[in-house]
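Summary of the model geometry
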Amino acid sequence: MPMHSQDSLSEDTTMIQPLVIANWKMNGSAQINGRLLDQLLPGLSELHGVRIALCPPFPYLSQVGQSMAANPVRLGAQNVNAETSGAFTGEVSPLMLRELGCQYVLLGHSERRNLFGETDAEVAAKFAATLEAGLTPVLCVGETLAQRRDQITEQVVETQIEAVLERVGIQGFKRAVIAYEPVWAIGTGETASPEQAQQVHGYIRQLLCGYNAAIGSSVQLLYGGSVKADNAEALFKESDINGGLIGGASLDAVAFIQICQAAAL
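To keep things clear, this report deals only with the structure shown in the data block. Source: prediction; values computed, not measured.

Cut-offs and rules
- Residues numbered from 1 in each chain as written.
- Predicted model: local features only at pLDDT ≥ 70, side-chain atom pairs only at ≥ 80, totals over all residues.
- Heavy atoms only, no water.
- Helix = DSSP H or I, 4+ residues; strand = E, 2+ residues; numbered from the N terminus.
- Rg over C-alpha atoms; globule rule 2.2 N^0.38 Å.
- Buried < 20%, exposed > 50% of the residue type's maximum accessible area, 1.4 Å probe, protein only.
- Contact = heavy atoms within 4.5 Å.
- Areas by Shrake-Rupley, 256 points an atom, 1.4 Å probe, with all protein chains shown as cover.
- Pairing = 2+ DSSP bridges.
- Salt bridge = Lys/Arg side-chain N within 4 Å of Asp/Glu carboxyl O.
- Phe/Tyr/Trp six-rings, centres within 6.5 Å; stacked < 30°, edge-to-face > 60°.
- 1 Å grid on protein atoms, 1.4 Å probe; cavity = no way out; pocket = protein on both sides within 12 Å on 5 of 7 lines; lining within 4 Å.
- Points joined across faces, edges and corners; volume = space filled by probe spheres on them.
- Nonpolar A, V, L, I, M, F, W, Y, C, P; charged D, E, K, R; others polar.
- Polar contact = N/O pair within 3.5 Å; in protein donor to acceptor, adjacent residues only side chain to side chain.
- Axes fitted to C-alpha atoms, helices over the stretch in contact; angles between N-to-C directions.
- Parallel < 35°, antiparallel > 145°, perpendicular 65-115°, else oblique.
- Left-handed = near helix turned anticlockwise from the far one by under 90°.

1. Things to note about the overall build of the protein chain
Within the protein chain, the secondary structure is distributed over 12 helices and eight strands. By the compact-globule yardstick of 18 Å for 265 residues, the protein chain fits well, its C-alpha radius of gyration being 17 Å. The buried share among the 265 residues of the protein chain stands at 52%. Counted over contacts in the protein chain with a minimum sequence separation of 6, partners at least 24 positions apart contribute 73%. For the protein chain, the computed accessible surface area is about 11700 Å², with 50% contributed by carbon and sulfur atoms.

2. With respect to the pairing of strand S5 (residues 136-141)
With six of six residues buried, S5 lies mostly within the body of the structure. On S5, burial covers both faces: Thr136, Val138 and Cys140 on one face and Pro137, Leu139 and Val141 on the other are all buried. Pairing between strand S4 (residues 104-107) and S5: four bridges, direction parallel. For valine 105, the partnering residue across the bridge sits in S5 and is proline 137. Here S5 runs beside strand S6 (residues 177-180); their pairing, made up of four bridges, is parallel. Within S6, the position partnered with valine 141 by the bridge is tyrosine 180.

3. A few points about the pattern of salt bridges
Should the charged atoms of two oppositely charged side chains come close, the side chains can pair. Scanning the model with the defined rule gives seven salt bridges in all. A salt bridge links arginine 112 to glutamate 118, with the shortest nitrogen-to-oxygen separation between them at 3.0 Å. Using a relative accessible area of 23% as the deciding quantity, one classes arginine 112 as partly exposed. Here glutamate 233 makes a salt bridge to lysine 237, at a shortest N to O gap of 3.7 Å. Residues joined by salt bridges that share partners form a network here, namely Arg112, Glu118 and Lys126.

4. Quick look at the packing of aromatic side chains
With the rule as written, the count across this model stands at two aromatic pairs. Relative to phenylalanine 173, the ring of phenylalanine 127 has its centre 5.2 Å away and its plane inclined at 40°; by these criteria the two rings are tilted. A residue pair is termed long-range when its members are at least 10 positions apart, and phenylalanine 127 in helix H6 (residues 120-132) and phenylalanine 173 in the loop between helix H8 (153-168) and S6 qualify at 46 residues. Accessibility expressed as a relative area gives 0% for phenylalanine 127, which makes it buried. Relative accessible area serves as the criterion here: at 1%, phenylalanine 173 is assigned to the buried category.

5. With respect to the layout of surface pockets
Its volume calculated, the largest pocket comes out at about 440 Å³. What lines the largest pocket is a set of 18 residues, and nearest its centre among them are Met26, Gln78, Asn79, Arg112 and Phe116. Tallied by class, residues from the lining of the largest pocket come to eight nonpolar, six polar and four charged.

6. Describing the pairing of strand S1 (residues 19-23)
Counted residue by residue, S1 has five buried out of five residues, so it is predominantly covered. Side chains Leu19, Ile21 and Asn23 of S1 all project onto a buried face; the interleaved residues Val20 and Ala22 project onto the opposite face, where all are buried too. Taken together, the four bridges between S1 and strand S8 (residues 243-246) define a ladder with parallel strand orientation. Bridge pairing in S8 places leucine 19 opposite glycine 243.

7. Observations concerning the side chain of asparagine 79
Tracing the sequence through the fold places asparagine 79 in the loop between strand S3 (74-77) and helix H4 (94-99). Apart from the residues lying within four places of it in its own chain, the contact partners of asparagine 79 are Phe58, Leu97, Val105, Leu106, Arg112, Glu118 and Lys126.

8. Side note on the environment of threonine 130
For threonine 130, the location among the structural elements is in helix H6. For the pair threonine 130 and leucine 107, spaced 23 residues apart in the sequence, the C-alpha separation amounts to 9.2 Å. Excluding residues within four positions of it along the chain, threonine 130 makes contact with Val80, Pro94, Val105, Leu107, Leu135, Thr136 and Pro137. Only 2.8 Å separates the side chain of threonine 130 from the backbone oxygen of lysine 126, close enough to count as a polar contact.

9. Some remarks on the packing of helix H2 (residues 30-45) against helix H12 (residues 253-263)
Put simply, H2 and H12 touch, their axes get as near as 9 Å, and they point 25° apart. Regarding the angle of H2 to H12, the classification is roughly parallel. The handedness of the crossing between H2 and H12 comes out as right-handed. Judged by residue contacts, Leu36, Gln39, Leu40, Gly43 and Leu44 of H2 engage Ala253, Phe256, Ile257 and Cys260 from H12. A per-class count over the contact of H2 with H12 returns seven nonpolar, two polar and no charged.

What follows is the structure, given as structure tokens:
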């Protein structure tokens, strides 16, 4: 496939609007969420030049969505089933998420892949169903520490993305987001250096541009791997890092607002 130089990609991607997504994982309660939202929303609503989304656990989607009704912050979900309805006890369909006001759906998070055995093919099916429902898929990709030590990071990431490309084609990425999350840096306090993160983001950009330059150069690429208030600015300055997928720090209102400020254009 044709490849673009890193210099040309950097020029093409300078105007991508930053995006920061909070992944609350399996944390919170109605009371805790209420307090956190009271602290978050006033500060987030004042930010310009950055798009922000919150992904609470399923039971709290309505609570969080209603709290943000008059706020530009968007609502997202942490997972979805590829089917629209049926005998799938405990599952949630894309149409249900859309009805609740969700706009984003996290797909293929490393915890889903590693703890629940989700395969590349299953993630691709969810990606296709999410697009079909009019939602924006956030495809999570990344390597383990062993894979990084074996120097196969790019191969792992490419395989994860190729599975989706085979299902929906490059056109499916016109309204999709990719989040690179090195598994070894999630919840460990470790983080890839800005240079390490940019190297993988640049590779992802180049991979997509090899299929379609216009689409590849406009896809939002997020970094997710122990992003904190004190390292966010350095990460977001890299040419192909267009924001972050934030885990633990998103449960701290002050830290999350600071991260969003660092991403704002």
